[in-house]
Amino acid sequence: MPELAHSWEFSEDRTSITFHLHQGVKWHDGAPFSSADVKYTIERIMNPPKGMVSPRGPVFKAVIDRVEAPEPHTVVVHGKGPTTLLLDLFANGHNAIIPKHIVEQDPVNALKTQIIGTGPYRIKGTPTESLWQYERNPDYFIKGLPYTDELEIHIIDDAQAMLAALLSKRIHWSGAFLHPNLDGDLAKSAAQQNANLIHGPMPGLIVTHLALQSEKPPFDDVRVRQAVSEAIKREAISALGNQTGAVGTGNYALGRWKMSKVVQEQLIGYGPDMKKRIAHAKKLLASYEAEKGKIDWRKIKIQCSSNIKFSCENAQVVQQLLKKIDVNIQLDPMLVAQHRANEVSGDFLMSLLGAAFDFDDPNDTFGQLFVTNGGRWYQRRSIPEVDALFEKQKFTADPEKRKALIWEMDQIVMNDSAYLVLLWFDLHHVRWNFVKGWTPTPNIRSTNARMDYVWLDLPELPHTQ
């Protein structure tokens, strides 16, 4: 679905795209939107200013050669080769276009204080930690939209409170990103109790990970990393934690590049015989300690985010599973801002959090997680063979030949066990049936997030009288 561009076409060799932008589009401060903003945004993602991290920068750089803005309403993106991912990169809410005239004055801090876009709603008042208010943008370039005059986003960090707000109609729609337990228990229960509540899945590729800092002992030794991986029964995250989802490897477990179960079960940490895996893990640790000395597990902690519900709860599951191999470790809870900063800086030994992706494509997943200096390369484990395979598969046109390269790459990183994929988890939403016009699309962070076609089929509501 086009947004700021009304049309586009590929070059004859399928390596570049020319976007034709809407005319008359304005930023919320009245400044005109142009191709200069698009070029600036893409180049900023690829080469972030000093002091910033761009998780998706390596993915952009993997497939994009350069960007040109020949005139105010035309943008040409030149790729390094033919790939289906080239267009997908721009159909992604993570990569929203930003205002050059504001950001270039203070590249790192400008958007922390000035919330501005071109979209159907503009910010109203000063956001707080619990409430963001928006009002209809009278200058929105699509006439007649949005359908509603105001929009409120209530930030509720307790699942029970969120459910109470839904049932009382204080809120009308909930995306349960921070509360995956809202899917199976609270949300389904609410929908069963009230036929006017709609519960369903939201599209999105999000992985729960346990990153092991491979630059620091004892995780600089593959035997220790493999022992940890062998001890963790991935299915337990769904059974004992608060998430539902699919067990998989470095590729989305339900997508086109997923590894076959037969091949997957041969990998470290994925075999079906837990008794055998536990024995292997103990043997690996014994081998390490005979050579390098006993590990003092009391000094090793799993960092987790106390305000991201699945993080610390799943860390507790991992904590219990590791006891099966006589590894007793503690949790180190902290706010997610500090936790993610520690992952980026490498200030951790074990870290349980998550990472979001937008495309079922290894250029995205492997480009972020496993390629040297990738955007989410938290484990810091450089494997030249994987880097070479990544480059080789990028522009391999034959799907079966590409899949063979991808599986080879996937097997190497899973057996290396520095970045442990625990679960590709599900997202869910709950909404009242009077919320009309909201349609799940293949990318949770794309067109369905604008809310411009959403309207309420009630003359008045208790909390807006």
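All values derive from a computational prediction rather than experimental measurement.

Quick word on the environment of Q320
So, step 1. Residue position: Q320 is located in helix α12 (residues 309-322).
So, step 2. Q320 sits 89 residues away from A231 along the chain, and the two C-alpha atoms are 10.0 Å apart.

Some words on the side chain of S229
So, step 1. Mapped onto the elements, S229 comes out in helix α8 (residues 222-231).
So, step 2. For S229, a relative accessible area of 1% puts it in the buried group.
So, step 3. Other than its neighbours up to four places away in sequence, S229 contacts R234, I268, G269, R277, S417 and L420.

What about the packing of helix α15 (residues 384-394) against helix α16 (residues 399-416)?
So, step 1. Relative orientation of the contacting elements α15 and α16 amounts to 160°, with a least axis distance of 9 Å. Overall, the two elements α15 and α16 adopt an arrangement that is roughly antiparallel. Note that α15 runs across α16; the crossing there is left-handed. Mapping the contact onto sequence places E385, V386, L389, F390, K392 and Q393 in α15 and R402, L405, I406, E408, M409, I412 and V413 in α16.
So, step 2. When its residues are assigned to classes, the contact of α15 with α16 shows 8 nonpolar, 1 polar and 4 charged.

Remarks on the environment of A211
So, step 1. Turning to its location among the elements, A211 is positioned in strand β9 (residues 197-212).
So, step 2. By relative accessible area, A211 is classed as buried at 0%.
So, step 3. Sequence spacing of A211 and Y378 is 167 residues, and the spatial spacing of their C-alpha atoms is 6.6 Å.
So, step 4. Ignoring any residue separated from it by four or fewer positions in sequence, one finds A211 in contact with F348, L349, M350, S351, Y378 and A418.

What about helix α1 (residues 35-46)?
Since the α-helix advances by 3.6 residues per turn, residues separated by three or four positions end up pointing in the same direction.
So, step 1. Counted at 1.5 Å a residue, the expected span for α1 with its 12 residues is 16 Å, and the 17 Å between its end C-alpha atoms agrees.
So, step 2. Buried residues dominate α1, accounting for 9 of its 12 residues.
So, step 3. Taken together, the buried residues of α1 touch β2 (16-21), α2 (57-63), β3 (64-71), β4 (74-79) and α4 (100-103).

Structural notes on the sheet that holds strand β1 (residues 5-10)
So, step 1. The strand order β1-β2-β4-β3 describes an open sheet built from 4 strands, whose pairing is antiparallel. Strands at the two margins of the open sheet, each flanked by one partner only, are β1 and β3. Along the sheet, successive strands turn relative to each other by an average axial angle of 20°, direction set aside.
So, step 2. By the bridge criterion, 5 bridges tie β2 to β4 in an arrangement that is antiparallel. Within β4, the residue paired with F19 across the bridge is V75.
So, step 3. In the packing of α1 onto the sheet, contacts are made with β2, β3 and β4, and the angle to β3 comes to roughly 165°.

Some details on a nonpolar patch on the surface
So, step 1. There is a patch of nonpolar side chains on the surface, built from M1, Y147, Y453 and W455 and spanning about 470 Å² of accessible area.
So, step 2. Tracing the chain through its elements places Y453 in the loop between β15 (435-436) and β16 (455-456).
So, step 3. By relative accessible area, Y453 is classed as partly exposed at 37%.

Examining the sheet that holds strand β5 (residues 121-123)
So, step 1. On the basis of which strands lie adjacent, the open sheet formed by 3 strands has the order β5-β6-β7 and antiparallel pairing. The sheet terminates laterally at β5 and β7 (150-154), the two strands that pair on one side only. The average undirected angle you get between the axes of adjacent strands in this sheet is 30°.
So, step 2. Of the pairings in the sheet, the one linking strand β6 (residues 131-136) to β7 comprises 5 bridges and is antiparallel in character.

Side note on empty space enclosed by the protein
So, step 1. In this structure the tally under the stated criterion is 1 cavity of 30 Å³ or more.
So, step 2. In this structure, the largest cavity is lined by F370, Q379, R381, I383, V413, D416, A418 and Y419.
So, step 3. Grouping the amino acids of the lining of the largest cavity by side-chain chemistry returns 5 nonpolar, 1 polar and 2 charged.

Quick look at the packing of aromatic side chains
Describing an aromatic ring pair means giving the distance of the ring centres and the angle of the ring planes.
So, step 1. This structure, assessed with the given rule, holds 15 aromatic pairs.
So, step 2. Seen in terms of ring centroids, W8 and F19 are 6.1 Å apart; in terms of plane orientation they differ by 55°. Their pairing is tilted. Taken together, the positions of W8 in strand β1 and F19 in strand β2 put the pair 11 residues apart, joining distant regions of the chain.
So, step 3. A relative accessible area of 32% means that W8 is categorised as partly exposed.
So, step 4. Residue classification places F19 among the buried residues on the basis of a relative accessible area of 10%.

Brief notes about unusual backbone geometry
So, step 1. Omega for the bond connecting L145 with P146 falls within 30 degrees of zero, at -5°, which places this linkage in the cis form.
So, step 2. With respect to the element layout, P146 can be found in the loop between β6 and β7.
So, step 3. For the bond running from P217 to P218, omega is 5°, close enough to zero to count as cis.
So, step 4. Examined against the element boundaries, P218 turns out to sit in the loop between β9 and α8.
So, step 5. Of note, R14 is a non-glycine position whose phi angle comes to about 65°, a positive value.
So, step 6. With respect to the helices and strands, R14 occurs in the loop between β1 and β2.
So, step 7. One non-glycine residue, N373, adopts positive backbone phi at about 65°.
So, step 8. Mapped onto the elements, N373 comes out in the loop between α14 (362-369) and α15.
So, step 9. Since its relative accessible area comes to 57%, N373 is described here as exposed.

Each value, and the rule that gives it
- Residues numbered from 1 in each chain as written.
- Predicted model: local features only at pLDDT ≥ 70, side-chain atom pairs only at ≥ 80, totals over all residues.
- Heavy atoms only, no water.
- Helix = DSSP H or I, 4+ residues; strand = E, 2+ residues; numbered from the N terminus.
- Buried < 20%, exposed > 50% of the residue type's maximum accessible area, 1.4 Å probe, protein only.
- Contact = heavy atoms within 4.5 Å.
- Axes fitted to C-alpha atoms, helices over the stretch in contact; angles between N-to-C directions.
- Parallel < 35°, antiparallel > 145°, perpendicular 65-115°, else oblique.
- Left-handed = near helix turned anticlockwise from the far one by under 90°.
- Nonpolar A, V, L, I, M, F, W, Y, C, P; charged D, E, K, R; others polar.
- Expected span 1.5 Å × (residues − 1).
- Pairing = 2+ DSSP bridges.
- Patch = residues over 30% accessible without salt bridge, like charges linked within 9 Å, V, L, I, M, F, W, Y side chains within 5 Å.
- Areas by Shrake-Rupley, 256 points an atom, 1.4 Å probe, with all protein chains shown as cover.
- Salt bridge = Lys/Arg side-chain N within 4 Å of Asp/Glu carboxyl O.
- 1 Å grid on protein atoms, 1.4 Å probe; cavity = no way out; pocket = protein on both sides within 12 Å on 5 of 7 lines; lining within 4 Å.
- Points joined across faces, edges and corners; volume = space filled by probe spheres on them.
- Phe/Tyr/Trp six-rings, centres within 6.5 Å; stacked < 30°, edge-to-face > 60°.

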